[in-house]
Amino acid sequence: MFIQDLKNDFYRQLIGKRILIIVNYDVDAICASKILQSLFKYDHMLYTVVPIMGVTGLRRAYSEHQGDVKYVLLINCGGCVDIVELLQPAEDVTFYICDSHRPLDVCNVYSDRQVCILGDPALEENIPAFETIFYDSDGEDEDDDEDGDDGDSGAGDSDDGQADGDSVERERAPKLSRMQRHEQRVMRQRARRQWESERDRIMFDYTQFSYYGRSTALYIFELAWKLSKDNMDLLWWAIVGISEQLLLGKIESGAYTLELEHIQSHVSRLTNKTNDQNTMSASKISFEKDLHLVLYRHWTVTESMRYSRYSACQMKLWTLRGEKRLHELLVEMGLPLVHARQTYSAMDLVLRKEFYSMVEQLAEKYSIPDIVYGTFTLSYGYRSRYAAADYVYALLAILQSVKKHKTPEDCFMEASDALTRQHRQLLNVGIDNAKLLHAAIFRQVQSCLEAHQVHSTGSFFYYVLQEEHAFFSYPYALALLAKFVLHGHVATTRVRQAPDLPLIATCPLDATQGMCLLVGIAPVREDSPKNFFGKAFDQAAQKSKTSLLQDFFEPSIVQLRQSDLTRFLDALTVLLT
């Protein structure tokens, strides 16, 4: 069931209780968990935070902690699976789900008490009506029992059975012949089959696409606001959460723009509040128009432009002609190459102040009109200034930095700490790692396009990485690479229907086990961020009889055996043709 009054029906129910917080391995979830932890600390509440990467992790986390808790909070996980069926909890355990993944599982939606979804049902798309997907079979079972009783009484096995049969006959009016009862049962079975067929159609329509709802971090921040416990730090974490959704293409730019208005009102309110109290800290959040250039405040202008997907694909910067065009843009901007190859912070102050306006003026001419977008920046005093996108890229790089001596849990805690102003050195390390990641993505895209490694089946493109890679064996990095490859291929190919075709990218995961990671990317021309690959992967696996591991909460990211890859892609080609 849905809970809309978070203050009374959620937060106040948890005060004084021990809580298990299970957090998905993504930036929005980390930001939401940080906001919740600050609220729980304020009220001296006991809680345990467990990061997970998929359904297996969710099952393990709950089984390890179920003895201690009766209240479980799931952040960006659990909404799209039948949580009671999956975890088999005791009846007195309550689950609170705050998940931006869509569509929500109907069993969670229609749970009476045990599963509570934080959200507004009016904002959800096309949730099927209860009676169209749940069938009351009690009446049918009773009729079958009565038929069986009549059959037994007709056999005349005992006087007691005959007496019971007579009493049933007296109660039933009028008495039906065996033929009539058989016809009724056939009609009921036919109606049941028709209902099941209609239910399957409704459920297919409902679950066909995977997409994302509102940012969880922003939703939890609004709880903090209603509790009058919000501050600048909590607001910044919410901004980072929704910025991740925009930068990874999880939500449409229109939905992001609508949220900006609400966030701006919170920024103004909190800025005035801290000014009134004369406790203005060194940090300040401000709204401004910015550029879709990766980490340009912490990099050189040339590298940032080259390694940003939008500018690189629009200007084809992996080619000699594209490189020449970039130099022409810098000349026309009046930005000397010496300065463009310096770190942005070391550039001349006048050039830095004019950089945004110079790019904006020439954006149309150089085919990069959408390079400008609205965002927020965080300033610490006069020296350190970070855009929300800088935090997102840094945290993604930290989450992807799993090594032999560094577990995913360590990376999660490091990313969580990097959000706080006391651990700014962790953020700067994350920014440096993000530069390495984006440089590696660009080099891979360049070699892929030059070697013509993107192949077409007629219904989709596919790109296969032949060897394990330090960066691309992780879901987010592989998804960023796949999106860059698809946009780059569409920019260079002469195939007319290329913008309407999706792409599947795959990278070996573990050579010893022979597994590979597979990610599906929606077509370039697709306005909506909805992704149909989750359902398509499932059907292709059934047709090709391959075992598919759909463990991630993003259905468009799966694992399968490399030996099954060709057979799986063939089945997918037939399915999508």
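The rules behind these values
- Residues numbered from 1 in each chain as written.
- Predicted model: local features only at pLDDT ≥ 70, side-chain atom pairs only at ≥ 80, totals over all residues.
- Heavy atoms only, no water.
- 1 Å grid on protein atoms, 1.4 Å probe; cavity = no way out; pocket = protein on both sides within 12 Å on 5 of 7 lines; lining within 4 Å.
- Points joined across faces, edges and corners; volume = space filled by probe spheres on them.
- Domains from an automatic or database assignment.
- Helix = DSSP H or I, 4+ residues; strand = E, 2+ residues; numbered from the N terminus.
- Nonpolar A, V, L, I, M, F, W, Y, C, P; charged D, E, K, R; others polar.
- Salt bridge = Lys/Arg side-chain N within 4 Å of Asp/Glu carboxyl O.
- Buried < 20%, exposed > 50% of the residue type's maximum accessible area, 1.4 Å probe, protein only.
- Phe/Tyr/Trp six-rings, centres within 6.5 Å; stacked < 30°, edge-to-face > 60°.
- Contact = heavy atoms within 4.5 Å.
- Buried area = accessible area lost by both parts, 1.4 Å probe.
- Polar contact = N/O pair within 3.5 Å; in protein donor to acceptor, adjacent residues only side chain to side chain.
- Pairing = 2+ DSSP bridges.
- Axes fitted to C-alpha atoms, helices over the stretch in contact; angles between N-to-C directions.

**A few points about empty space enclosed by the protein**
And step 1. Under the definition given, this model contains 2 cavities of 30 Å³ or more.
And step 2. Approximately 110 Å³ is the volume attributed to the largest cavity.
And step 3. The wall of the largest cavity is formed by Asn24, Tyr25, Met53, Gln400, Pro475, Tyr476, Phe552, Glu554 and Ile557.
And step 4. Three or more residues apiece are contributed to the lining of the largest cavity by two domains, here domain 1 (2–131) and domain 2 (452–576).
And step 5. Every residue along the wall of the second largest cavity is listed here: Asp233, Trp236, Trp237, Ser283, Leu378, Tyr380, Leu419, Thr420 and Arg421.
And step 6. Secondary-structure elements contributing two or more residues to the lining of the second largest cavity are α11 (232–247) and β10 (372–380).
And step 7. Among the residues forming the lining of the second largest cavity, the class breakdown is 5 nonpolar, 2 polar and 2 charged.

**Things to note about the pattern of salt bridges**
And step 1. Across all of its chains, the model carries 21 salt bridges by this definition.
And step 2. The residue lysine 250 makes a salt bridge to glutamate 244 at a minimum N-O spacing of 3.2 Å. Of the two residues, lysine 250 and glutamate 244, neither departs from the other in class, the shared state being buried.
And step 3. Taken together, the salt bridges that share partners define one network made up of Glu288, Asp290, Arg297 and Arg385.

**Some points on the packing of aromatic side chains**
And step 1. This model, assessed by the stated rule, comprises 20 aromatic pairs.
And step 2. An angle of 80° between the planes, with centres 5.4 Å apart, marks the rings of tyrosine 110 and phenylalanine 130 as edge-to-face. With a gap of 20 residues between them, tyrosine 110 in the loop between α5 (106–109) and β7 (115–118) and phenylalanine 130 in helix α6 (residues 130–133) connect regions that are remote in the sequence.
And step 3. We classify tyrosine 110 as partly exposed; its relative accessible area is 26%.
And step 4. Relative accessible area serves as the criterion here: at 43%, phenylalanine 130 is assigned to the partly exposed category.

**Let's talk about the layout of surface pockets**
And step 1. In this structure, the second largest pocket spans a volume of roughly 850 Å³.
And step 2. In terms of lining, the second largest pocket is formed by 33 residues, of which the most central are Tyr25, Met53, Val402, Pro408 and Tyr474.
And step 3. For the lining of the second largest pocket, the secondary-structure elements that each account for two or more residues are β3 (46–52), α3 (55–65), α19 (408–418) and α20 (424–450).
And step 4. Looking at the lining of the second largest pocket, the element that brings in the most residues is α3, giving 5 residues.
And step 5. Across the lining of the second largest pocket, the residue classes break down as 18 nonpolar, 9 polar and 6 charged.
And step 6. Counting the residues that make up the lining of the second largest pocket, at least three belong to each of domain 1 (2–131) and domain 2 (452–576).

**Some details on the domain arrangement of the chain**
And step 1. You can read the domains of the chain as domain 1 (2–131) and domain 2 (452–576).
And step 2. At the interface, 14 residues of domain 1 touch 6 residues of domain 2.
And step 3. Interface of domain 1 and domain 2: buried area, both sides summed, is about 790 Å²; carbon and sulfur atoms make up 55% of it.
And step 4. A per-residue breakdown of the area domain 1 buries against domain 2 is headed by Met53, Val55 and His101, which together make up 42% of the total.
And step 5. Applying the counting criterion to the domain 1 and domain 2 interface returns 0 salt bridges.
And step 6. Here domain 1 and domain 2 share 4 residue pairs in polar contact (both at pLDDT 80 or more) between them.
And step 7. Residues belonging to the side of domain 1 that touches domain 2 are distributed by class as follows: 6 nonpolar, 6 polar and 2 charged.

**Section: the pairing of β10**
And step 1. For β10, a buried count of 8 out of 9 residues is recorded, marking the element as mostly surrounded by other parts of the structure.
And step 2. Relative to β10, strand β9 (residues 283–291) runs antiparallel, the two being bridged by 9 bridges. Within the sheet, the bridge partner assigned to serine 286 lies in β10 and is threonine 377.
And step 3. Pairing geometry for β10 and strand β11 (residues 384–387), over 4 bridges, is antiparallel. Paired with threonine 377 across the two strands is alanine 387, which belongs to β11.

**Observations concerning the sheet that holds β9**
And step 1. What the 3 strands build is an open sheet, ordered β9-β10-β11; its pairing is antiparallel. If you trace the sheet from one side to the other, it starts and ends with β9 and β11, each paired once. Neighbouring strand axes in the sheet, compared pairwise and without regard to direction, differ in orientation by 30° on average.
And step 2. Along the sheet, α11 makes contact with β9, β10 and β11, crossing β10 at roughly 150°.
And step 3. Across the face of the sheet, helix α18 (residues 388–399) comes into contact with β10 and β11 while running at roughly 80° to β11.

**A short note on the sheet that holds strand β2 (residues 18–24)**
Hydrogen bonding along the main chain pairs the strands of a sheet, whether they run parallel or antiparallel.
And step 1. Within the open sheet, the 6 strands sit side by side as β1-β7-β5-β4-β2-β3. Their pairing is parallel. Looking at which strands have only one partner, the edges of the open sheet turn out to be β1 (2–3) and β3.
And step 2. Here strand β4 (residues 71–75) runs beside strand β5 (residues 94–98); their pairing, made up of 5 bridges, is parallel. Residue pairing in the sheet places leucine 73 in a bridge with tyrosine 96 of β5.
And step 3. Contacting β1, β2, β4, β5 and β7, helix α1 (residues 6–14) runs over the sheet at an angle of about 130° to β5.

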